[in-house]
Amino acid sequence: MFNKKKLLLATGLLALAGTANAAYEIKLDNNDTITFGGYIKADARYTDGTVAATDYWYGSGTALTESISNFGIAVNESRINTKYQHGDLTGFIEMDFYGEAVRGGGNEIISNSSNPRIRHAFIKYKNLLIGETWSTFVNTSALAEAADFGGPLVAAAFIRQGQVRYTMGNFQVSVENPESYGGVSGNDSMPDIIGRYNFKGDWGNVAIAAVAKQLQTVGGNEESALGYGISGRINTFGKDDFRFQFHGGEVGRYIGVTASKDLIGEEVEETTSISVAYRHFWSEGLRSTAFYGNTTTDVADYDRTHWGVNLFKNVTKQLSFGVEVGNFEMEDKNVDSDYLQFSAKYVL
């Protein structure tokens, strides 16, 4: 059996090396497979305005006293993953190269090297998932297609963390890693609890989710928090689709990638967030997305917005090029920046 597995593995690797097509599933025997995936993405980005340039916009930024222009080229979004399948048992691991915040720890003086980081690492057995992956609160199908990494992250449920999740048909429940963002870090004794129900059909999908948290304030108090969200992707005409997210309540760090905190001093933050995107196919290999996202908070009085319009062209099934223009604004600090981004992406 050992020799047979070695032969099948060698055959699979030869097939992998001999074609540019996505023949990346290697069958070891009737019950065991290894799958390799990921993509290589290069971005050229020009920004101009009073928010300091970054490789992508998220929920915050550095406010500048005067407008500055910046051009940069980065490949940090590129990623690789491996899936191991043995009957009902699955193991999955993925990494990209944003290992230190937005710029990935790169050194632009010499080599632009960046640090790898784990995106996903989990085990799934039947209906049980254990490990780090997208929070159960996140509906990834509702994220806009964008050249900028993740599109309007400022208004998206976008968080990966350690968890134990159980799925029962359309209902999911999980206990997840806690963190009192804006409060005391490392003093969270109770996990976050998340419940989600999914509606699915030929028309698309809609997810309704809620998160309950126990937070630790800087003053040593405990505060309970409850947030909610509804999100989805609706098929419209032809291959077009409409994507949306709406979140409210005490969602805190689950929304906006630092656009919202759990706590401001001793107070639990209240957040309202909306994101919409429409994707239109001009032809089989040509498509555009227009997106808009805004998050506001009550206590800190944040007001953050990101909008963009793009065009993607598939040259082959694996290779695409894109261009995007847009604007990121922190109205609460009276600053904003425009950006123009070109991207090239090869899906492995």
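Since the model is a prediction, treat every value here as computed from it, not as a measurement. (Residues numbered from 1 in each chain as written. Predicted model: local features only at pLDDT ≥ 70, side-chain atom pairs only at ≥ 80, totals over all residues. Heavy atoms only, no water.)

Caption draft 1: Region of interest: the side chain of Asp241. Locating Asp241 in the fold gives a position in strand E13 (residues 241-249). The class of Asp241 is buried, set by a relative accessible area of 2%. A distance of 2.9 Å separates the side chain of Asp241 from the side chain of Arg243, its partner in a polar contact. Among the polar contacts listed, one links the side chain of Asp241 to the side chain of Arg279, at a separation of 2.9 Å. Ignoring sequence-local partners within four residues, the contact set of Asp241 consists of Arg233, Ile234, Asn235, Thr236, Ala277, Tyr278 and Arg279. (Helix = DSSP H or I, 4+ residues; strand = E, 2+ residues; numbered from the N terminus. Buried < 20%, exposed > 50% of the residue type's maximum accessible area, 1.4 Å probe, protein only. Polar contact = N/O pair within 3.5 Å; in protein donor to acceptor, adjacent residues only side chain to side chain. Contact = heavy atoms within 4.5 Å.)

Caption draft 2: Layout of the environment of Asp88. The topology assignment puts Asp88 in the loop between strand E4 (79-86) and strand E5 (89-96). For Asp88 and Glu266, which are 178 residues apart along the polypeptide, the C-alpha to C-alpha distance reads 46 Å. In contact with Asp88, not counting residues within four places along its chain, are Lys124, Tyr125 and Lys126.

Caption draft 3: View of the layout of surface pockets. In this structure, the largest pocket occupies an estimated 1300 Å³ of space. Lining the largest pocket are 50 residues; nearest its centre among them are Arg79, Arg119, Trp134, Thr140 and Leu143. It is strand E10 (residues 192-201) that provides the largest number of residues to the lining of the largest pocket, a total of four residues. Split by residue class, the lining of the largest pocket holds 14 nonpolar, 21 polar and 15 charged. The volume enclosed by the second largest pocket comes to roughly 570 Å³. Looking at the second largest pocket, it is lined by 19 residues, and the ones nearest its centre are Arg117, Phe158, Arg160, Val257 and Thr258. Those elements that place two or more of their residues in the lining of the second largest pocket are strand E6 (117-125) and strand E7 (128-134). Among the residues forming the lining of the second largest pocket, the class breakdown is 13 nonpolar, two polar and four charged. (1 Å grid on protein atoms, 1.4 Å probe; cavity = no way out; pocket = protein on both sides within 12 Å on 5 of 7 lines; lining within 4 Å. Points joined across faces, edges and corners; volume = space filled by probe spheres on them. Nonpolar A, V, L, I, M, F, W, Y, C, P; charged D, E, K, R; others polar.)

Caption draft 4: Representation of the packing of aromatic side chains. Within the structure shown, the criterion is met by 13 aromatic pairs. Summarising the aromatic geometry, the rings of Tyr197 and Phe199 are spaced 4.9 Å apart at their centres and angled 65° between planes, so their arrangement reads as edge-to-face. Residue Phe199 is classed as partly exposed on the basis of its relative accessible area, which comes to 38%. Chaining the aromatic ring pairs together yields one cluster made of Tyr56, Tyr58, Tyr98, Trp134, Phe149 and Phe158. In this structure, Arg160 packs its charged tip against the face of Trp134, placed 5.0 Å from the ring centre. Lying across the ring of Tyr39, Lys345 places its NZ or CZ 4.1 Å from the centre. (Phe/Tyr/Trp six-rings, centres within 6.5 Å; stacked < 30°, edge-to-face > 60°. Lys NZ or Arg CZ within 6 Å of the ring centre and 35° of its normal.)

Caption draft 5: Inspection of the pattern of salt bridges at higher detail. Tallying each qualifying case throughout the model produces 15 salt bridges. Across the pair Arg45 and Asp148 runs a salt bridge whose closest N-O atoms are separated by 2.8 Å. Here Asp148 lies in the loop between E7 and strand E8 (160-168) and Arg45 lies in strand E2 (residues 32-51), a separation of 103 residues in the sequence. Each of the two residues, Arg45 as well as Asp148, counts as buried. The residue Arg253 makes a salt bridge to Asp192 at a minimum N-O spacing of 3.0 Å. (Salt bridge = Lys/Arg side-chain N within 4 Å of Asp/Glu carboxyl O.)

Caption draft 6: Highlighting the environment of Asp336. Looking at the element boundaries, Asp336 is found in strand E20 (residues 335-347). The spatial distance from the C-alpha of Asp336 to the C-alpha of Arg304 is 9.5 Å, given a sequence separation of 32 residues. Excluding residues within four positions of it along the chain, Asp336 makes contact with Gly49, Thr50, Val51, Asn327, Phe328 and Glu329. A polar side-chain atom of Asp336 sits 2.8 Å from a polar atom in the side chain of Asn327.

Caption draft 7: Focus on unusual backbone geometry. One non-glycine residue, Asn112, adopts positive backbone phi at about 55°. For Asn112, the position within the fold is in the loop between E5 and E6. Residue class for Asn112 comes out partly exposed when judged on its relative accessible area of 40%. A positive phi angle, near 55°, is found at Lys126, a position not held by glycine. Turning to its location among the elements, Lys126 is positioned in the loop between E6 and E7.

Caption draft 8: Inspection of the pairing of E13 at higher detail. Taking burial as the measure, the nine residues of E13 include seven buried ones, the bulk of the element. Bridge count between strand E12 (residues 222-235) and E13: nine bridges; the pairing is antiparallel. Residue pairing across strands places Gly229 opposite His247, the latter belonging to E13. Between E12 and E13, which pair antiparallel one after the other, the connecting turn spans five residues, and Gly238 there sits at a positive phi close to 60°. The pairing of E13 with strand E16 (residues 271-283) spans nine bridges and is antiparallel. Opposite Phe246, over in E16, you have Ile274 as the bridge partner. (Pairing = 2+ DSSP bridges.)

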